[in-house]
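# Breakdown of the fold
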Amino acid sequence: MRKVIGIGETVLDIIFQGEQPVSAVPGGSTFNAMISLGRAGVNATFISETGNDRVGKRIISFLEENHVNASYVNAYPESKSALSLAFLNDKNDAEYLFYKDHPKDRLDFSYPEVNEDDVVLFGSYYALNPVIRPQVLGFLQYAHQRGAILYYDVNFRASHQHEVMKLTANFLENLELADVVRGSHEDFDVMFHTTDPEAVYRSQIDFYCKKFICTCGSEPLFLHAEGGFRKQYAVQQLDVVSTIGAGDNFNAGFVYGLIRQGITRSMVMDGLSEIQWDALISSAQQFSAECCKSINNSVSVEFGAARMKELNQ
């Protein structure tokens, strides 16, 4: 059975409306996607670390409750789990403050088994952090050699803008390893001072990875692929409760689509048809829209159960 392996940070997201906290849920960019995939019946494993405290124990139990293998999440005894404060504005978009108290950043794990056509989901600052870069890069290279599909979500926050130059080499290595790259117009504004998907693809992505998705919030998203293939996709307009997990769940829906459609790495490398791209983007947008309907970071249990039923048909 094909599986999805995510590697990324864990945090406790404390969500504010106005100046009042309204929710506290385990989170992290790849974490949120893996919870949705677990709920949707996908064989999911998560690699990360957390503190050996009450929050860390809740993060691990939350993974297990949602059918995600948490045996590769290390809890470090002298560390406190990370916190993220998300302040929703009048459009229900979030501004973030991050608090991390790890005396030593490190990532100690044995590699989970990776087989041909498994999917590896990675991204954010976690995939660039120089302190844990050797371990992350080693795993990505191993997964690539084993024939997995590597999906890279850039997800570069403004809080790291001052590190762009220092992290460029790591970013380019990620692009070279990735089979599909997704980023938002906000990511590229921070990194390259442009929100033009064509310019970003032509000057930054195309040389390293041919398959590129640029999401632009409620505006149409752009897809670029080999052979000069270009397409825009409209975004469903809906009453948004929170956009916190919108991009994370776009990733989850795309990966779910790869599994459900039986798309292998050789098919990805040979080039996908427009029909296949349409189905993948539709799946990604469904997951993203579902997440935006609630204050939670992932799709609902009910939505996941319906996707699980589809997957098993």
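Our subject in this report is the structure included herewith. (Residues numbered from 1 in each chain as written. Predicted model: local features only at pLDDT ≥ 70, side-chain atom pairs only at ≥ 80, totals over all residues. Heavy atoms only, no water.)

What follows concerns the packing of helix α7 (residues 246–261) against helix α9 (residues 274–291). It is the contact of α7 with α9, at a shortest axis distance of 7 Å, that shows an interaxial angle of 140°. As far as their axial angle goes, α9 and α7 are oblique. Read as a crossing pair, α7 and α9 show a hand that is right-handed. Judged by residue contacts, Ala246, Asn249, Phe250, Ala252, Gly253, Phe254, Tyr256, Gly257, Leu258 and Gln261 of α7 engage Gln276, Trp277, Ala279, Leu280, Ile281, Ser283, Ala284, Gln285, Phe287, Ser288 and Cys291 from α9. Looking at the contact of α7 with α9, its residues break down into 13 nonpolar, eight polar and no charged. (Axes fitted to C-alpha atoms, helices over the stretch in contact; angles between N-to-C directions. Helix = DSSP H or I, 4+ residues; strand = E, 2+ residues; numbered from the N terminus. Parallel < 35°, antiparallel > 145°, perpendicular 65-115°, else oblique. Left-handed = near helix turned anticlockwise from the far one by under 90°. Contact = heavy atoms within 4.5 Å. Nonpolar A, V, L, I, M, F, W, Y, C, P; charged D, E, K, R; others polar.)

Moving on, we get to the side chain of asparagine 174. If you trace the backbone, asparagine 174 turns up in helix α4 (residues 164–177). With a relative accessible area of 0%, asparagine 174 lands in the buried category. In terms of polar contacts, asparagine 174 uses its side chain to reach the side chain of tyrosine 152, at 3.4 Å. Non-local contacts of asparagine 174, meaning those with residues more than four positions away in its chain, are made with Phe122, Ala127, Leu128, Arg133, Leu140 and Tyr152. (Buried < 20%, exposed > 50% of the residue type's maximum accessible area, 1.4 Å probe, protein only. Polar contact = N/O pair within 3.5 Å; in protein donor to acceptor, adjacent residues only side chain to side chain.)

Per the stated rule, a full pass over the model turns up 17 aromatic pairs. Plain terms: the ring middles of phenylalanine 171 and phenylalanine 192 are 6.0 Å apart, the flat faces sit at 55° to each other, and that makes the pair tilted. In this pair, phenylalanine 171 is assigned in helix α4 and phenylalanine 192 in helix α5 (residues 185–192), connecting sequence segments 21 residues apart. Looking at phenylalanine 171, the relative accessible area reads 3%, which means it is buried. Owing to a relative accessible area of 21%, phenylalanine 192 belongs among the partly exposed residues under this scheme. Taking NZ or CZ as reference, arginine 307 lies 4.3 Å from the ring centre of phenylalanine 303, over its face. (Phe/Tyr/Trp six-rings, centres within 6.5 Å; stacked < 30°, edge-to-face > 60°. Lys NZ or Arg CZ within 6 Å of the ring centre and 35° of its normal.)

So, on to the pairing of strand β11 (residues 212–216). Counting buried residues in β11 gives five out of five residues, a clear majority hidden from the surface. Burial along β11 is two-sided: the residues Phe212, Cys214 and Cys216 and Ile213 and Thr215 are all buried. Sheet analysis places strand β10 (residues 180–184) next to β11, joined by four bridges and oriented parallel. Across the sheet, the residue bridging to serine 184 is threonine 215, located in β11. (Pairing = 2+ DSSP bridges.)

Moving on, we come to the pairing of strand β4 (residues 43–51). Burial runs high along β4: eight of the nine residues are buried. One ladder, built from five bridges, connects strand β1 (residues 3–7) with β4; its direction is parallel. The residue of β4 that forms the bridge with lysine 3 is asparagine 43. Two elements, β4 and strand β5 (residues 68–76), share seven bridges in a ladder whose sense is parallel.

Considered as a void within the structure, the largest pocket measures approximately 1,200 Å³ in volume. Every residue lining the largest pocket is counted, 41 residues in all, and those nearest its centre are Asp93, Glu186, Gly217, Thr243 and Ala246. Secondary-structure elements contributing two or more residues to the lining of the largest pocket are β7 (94–101), β10, α5, β11, β12 (219–225), α7 and α9. Partitioned by chemical class, the residues of the lining of the largest pocket number 17 nonpolar, 15 polar and nine charged. (1 Å grid on protein atoms, 1.4 Å probe; cavity = no way out; pocket = protein on both sides within 12 Å on 5 of 7 lines; lining within 4 Å. Points joined across faces, edges and corners; volume = space filled by probe spheres on them.)

Glancing now at the nonpolar core. Grouped together as the largest cluster of nonpolar side chains are 44 residues, with contacts concentrated most on Val4, Met34, Leu37, Leu63, Ile213, Phe254 and Trp277. If we skip the residues at most four places from it in the chain, phenylalanine 254 touches Tyr151, Val180, Ile213, Trp277, Leu280, Ile281 and Ala284. Among the nonpolar cores identified, the runner-up in size contains 41 residues, and Leu107, Val114, Leu175 and Cys214 belong to it. (Core = buried A, V, L, I, M, F, W, Y, C linked by side-chain atoms within 4.5 Å.)

Along the chain, lysine 309 falls in helix α10 (residues 301–311). Overall, the relative accessible area of 61% leaves lysine 309 in the exposed class. On a C-alpha basis, the gap between lysine 309 and alanine 40 in space is 8.3 Å, while along the polypeptide they are 269 residues apart.

Attention now goes to the pattern of salt bridges. Summed over all chains, the structure comprises 14 salt bridges. Across the pair glutamate 173 and arginine 133 runs a salt bridge whose closest N-O atoms are separated by 2.9 Å. Separated by 40 residues along the polypeptide, glutamate 173 in helix α4 and arginine 133 in helix α3 (residues 133–145) bring together distant segments of the chain. Residue classification places glutamate 173 among the partly exposed residues on the basis of a relative accessible area of 30%. (Salt bridge = Lys/Arg side-chain N within 4 Å of Asp/Glu carboxyl O.)

Right, let's get into empty space enclosed by the protein. Taken as a whole, this structure holds one cavity of 30 Å³ or more when the rule is applied. Of the voids in this model, the largest cavity is the one considered here, and its volume is about 40 Å³. Considering the residues around the largest cavity, the lining is formed by Ser29, Thr30, Ala33, Leu121, Phe122, Gly123, Ser124, Asp153 and Asn251. Mapped by element, the contributors of at least two residues to the lining of the largest cavity are α1 (29–39) and β8 (119–123). Residue classes in the lining of the largest cavity are distributed as three nonpolar, five polar and one charged.

In short, shape yes, function no, at least from these values alone.
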